[in-house]
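Geometric and topological summary
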Amino acid sequence: METQDSDVMEAVKASGESTLEKAKAKALAEFDQLLNVSLNIAVTGNTGSGKSSFINALRGLSDDDKDAAPTGVTETTMEVTKYEHSGMPNVKIWDLPGIGSPNFKADKYLKEVKFDTYDFFIILSSERFRENDIMLAKEIKKKKNFYFVRSKIDNDISSEQKKKGFDEKEVISKIREDCKNNLKEMGNPNIFLISSFELEKYDFENLRNTLEEDLPSHKRSALLQAWPVCSAKSLEQKIKFFKGMIWAASLASAGIAVVPVPGLSVACDAAIVLSFFLRCYYAFGLDDCSLTRLSEKVNIPLTEYVGKSKIASAIREKTLSRIQVSTTLAWLASAEYVMSLVPIVGSVAAAGLSFGTTMYILKEGLNELAEMAREIRKVAGLDVVCDNS
């Protein structure tokens with residue numbers, strides 16, 4: 001009982017509230033926000049700008065994946081198309097029609113694509129930004145944020161590599177300067193140089209950092225969860241974020257069933273735990289699509305490493321077989337992995353999970369998923385930074 005009380009006190013302290021009841025209310029709101037706060041990203045640009053590949057990259061997909069946005073040298077987007085993030089349905093990326101028409105009218109275009117739907121706009125170009133891009137940016141700027149993204153930098157680098165005296169930094173500098181010159185009348189806007197196939201290079205992480213700074217605080221968690229892992233630093237930021245949510249997940253469960261009720265409390269605890277772990281699983285890039293994309297890039301089979309984590313492999317199995325939620329909850333509450341984390345398993349399945357047990361499972365499960373994500377980056381030959389704080 002003393003341990004139980006200390007666990008509750010730890011969670012209340014982490015909430016920043018003065019009483020348990022206030023902490024519970026805050027936890028329920030925070031956890032609801034974690035899962036449900038909406039984020040709508042609009043992506044537009046001319047034909048051939050790489051919109052679809054960029055959208056697929058944000059969703060952790062390859063261009064040839066089943067649910068990927070269609071790519072092609074001709075305009076594949078004739079109307080607004082919504083794409084949900086594969087593991088986070090509250091995050092939606094909208095592929096807007098091209099803006100290459102000579103009779104383009106920015107105000108009319110924004111009205112037609114339902115301007116108010118989106119949190120911000122990304123204006124993509126694989127070459128020079130043109131007059132239509134500038135007209136659109138000026139119209140967006142009246143009410144919302146926009147970001148100029150120069151895509152396909154990998155193609156530029158590949159082409160320049162064939163020339164004598166090639167210097168990658170110099171090439172990137174020239175491209176950036178050229179973009180700035182094209183956008184002089186916009187003042188001095190940030191320009192992000194990216195490759196949708198090499199997310200760890202160039203300005204992909206800088207773009208995320210800028211978006212995070214500009215978004216309202218309640219929207220930032222959605223961006224942090226959904227944005228692909230593009231560096232060791234970005235992975236550690238995600239891990240730190242989820243560690244900071246353990247108090248809320250624990251108290252949210254307690255807020256549903258303060259006194260363990262046989263059956264009901266198991267389901268409530270399991271629902272919270274499952275939702276938390278699923279978010280970690282997708283945010284850390286442990287799902288099949290993300291690992292397949294990374295495997296193709298580094299030419300190393302990586303999906304097999306998920307099997308080293310009991311919880312990651314179990315989530316993968318249940319996710320792929322599309323088992324109904326009710327079945328999944330029962331599975332999680334009685335899974336061998338979860339039971340192995342409980343010091344005294346006794347009658348947990350019959351009596352419900354205690355607050356301390358739930359907190360313990362969340363901490364240990366998160367640590368296991370985090371270590372798996374770090375190991376995969378190490379095997380792939382990518383940068384690894386371990387922050388155990």
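Everything here concerns the structure above.
Rules used throughout
- Residues numbered from 1 in each chain as written.
- Predicted model: local features only at pLDDT ≥ 70, side-chain atom pairs only at ≥ 80, totals over all residues.
- Heavy atoms only, no water.
- Buried < 20%, exposed > 50% of the residue type's maximum accessible area, 1.4 Å probe, protein only.
- Helix = DSSP H or I, 4+ residues; strand = E, 2+ residues; numbered from the N terminus.
- Pairing = 2+ DSSP bridges.
- Right-handed = clockwise from strand over helix to strand, strands pointing away.
- Core = buried A, V, L, I, M, F, W, Y, C linked by side-chain atoms within 4.5 Å.
- Contact = heavy atoms within 4.5 Å.
- Axes fitted to C-alpha atoms, helices over the stretch in contact; angles between N-to-C directions.
- Parallel < 35°, antiparallel > 145°, perpendicular 65-115°, else oblique.
- Left-handed = near helix turned anticlockwise from the far one by under 90°.
- Expected span 1.5 Å × (residues − 1).
- Arc of directions from axis to C-beta.
- Polar contact = N/O pair within 3.5 Å; in protein donor to acceptor, adjacent residues only side chain to side chain.
- Salt bridge = Lys/Arg side-chain N within 4 Å of Asp/Glu carboxyl O.

What follows concerns the pairing of strand β5 (residues 145–150). For β5, the tally of buried residues reaches five of six residues, placing the bulk of the element in the interior. Note: strand β4 (residues 120–125) against β5, six bridges, orientation parallel. Looking at β5, one finds that F121 is bridged to F146. Tracing the backbone out of β4, into helix α5 (residues 131–141) and back to the parallel element β5 gives a crossover that is right-handed. Of the strand pairs in this sheet, β5 and strand β6 (residues 191–193) are connected by three bridges, and their pairing is parallel. Paired with R150 across the strands is L193, a residue of β6.

Bringing the pairing of strand β1 (residues 39–45) into the picture now. The buried count for β1 comes to seven of seven residues, which makes it a mostly enclosed element. Side chains of β1 alternate between two faces, with L39, I41, V43 and G45 and N40, A42 and T44 buried alike. Both β1 and strand β3 (residues 91–95) contribute to a ladder of five bridges, which runs parallel. From the neighbouring strand, V43 faces β3, where its bridge partner is D95. Two strands pair when backbone bridges link them, and β1 and β4 are joined in this way by five bridges, in the parallel orientation. What sits directly across from I41, in β4, is F120.

All right, on to the nonpolar core then. If you look at the biggest cluster of nonpolar residues, it comprises 79 residues, and the most contacted ones within it are F54, F242, F276, F277 and F284. Residue contacts for F54: discarding those within four places in its chain leaves V43, I122, L124, I194, S196, F204 and L207. In terms of nonpolar packing, the next biggest core, distinct from the first, is built from 31 residues, A106, L110, Y118 and C179 among them.

A few words now on the packing of helix α9 (residues 217–226) against helix α10 (residues 232–243). Viewed as axis vectors pointing N to C, α9 and α10 meet at an angle of 130°, and their least axial separation amounts to 10 Å. What the angle tells us is that α9 and α10 run oblique. Taken as a pair, α9 and α10 cross one another with a handedness that is left-handed. Every residue of α10 that contacts α9 at S221, L224, Q225 and A226 is listed here: Q237, K238, F241 and F242.

So, on to helix α7 (residues 168–182). End to end, α7 covers 21 Å across 15 residues, agreeing with the expected 21 Å (1.5 Å per residue, within 8%). All of the buried residues in α7 are V171, I172, I175, C179 and N182. Angular distribution of buried residues about the axis of α7 spans 100°; they occupy a single face of the element. Turned more than 90 degrees away from the buried face of α7, the exposed residues are K169 and K174. On the buried face of α7, the contacting elements are α5, β5, α6 (153–160) and β6. The distance from a side-chain oxygen at the start of α7 to the backbone nitrogen of K169 is 3.0 Å, and the residue carrying that oxygen is D167.

Positioned with a positive phi, Y202 is a non-glycine residue whose angle comes to about 60°. A positive phi angle, near 60°, is found at N299, a position not held by glycine. Inspection of the secondary structure puts N299 in the loop between α13 (288–298) and α14 (310–321). Of the residues examined, N299 reaches a relative accessible area of 70% and is grouped as exposed.

For the structure on display, the rule yields 18 salt bridges. Among the salt bridges present, the one from R150 reaches D156, with a minimum N-O distance of 3.0 Å. Classification of R150 as buried rests on a relative accessible area of 6%. Taking relative accessible area as the criterion, D156 reaches 22% and is therefore assigned partly exposed. What you see here is one network of salt bridges that share partners, running through E236, E371 and R374.

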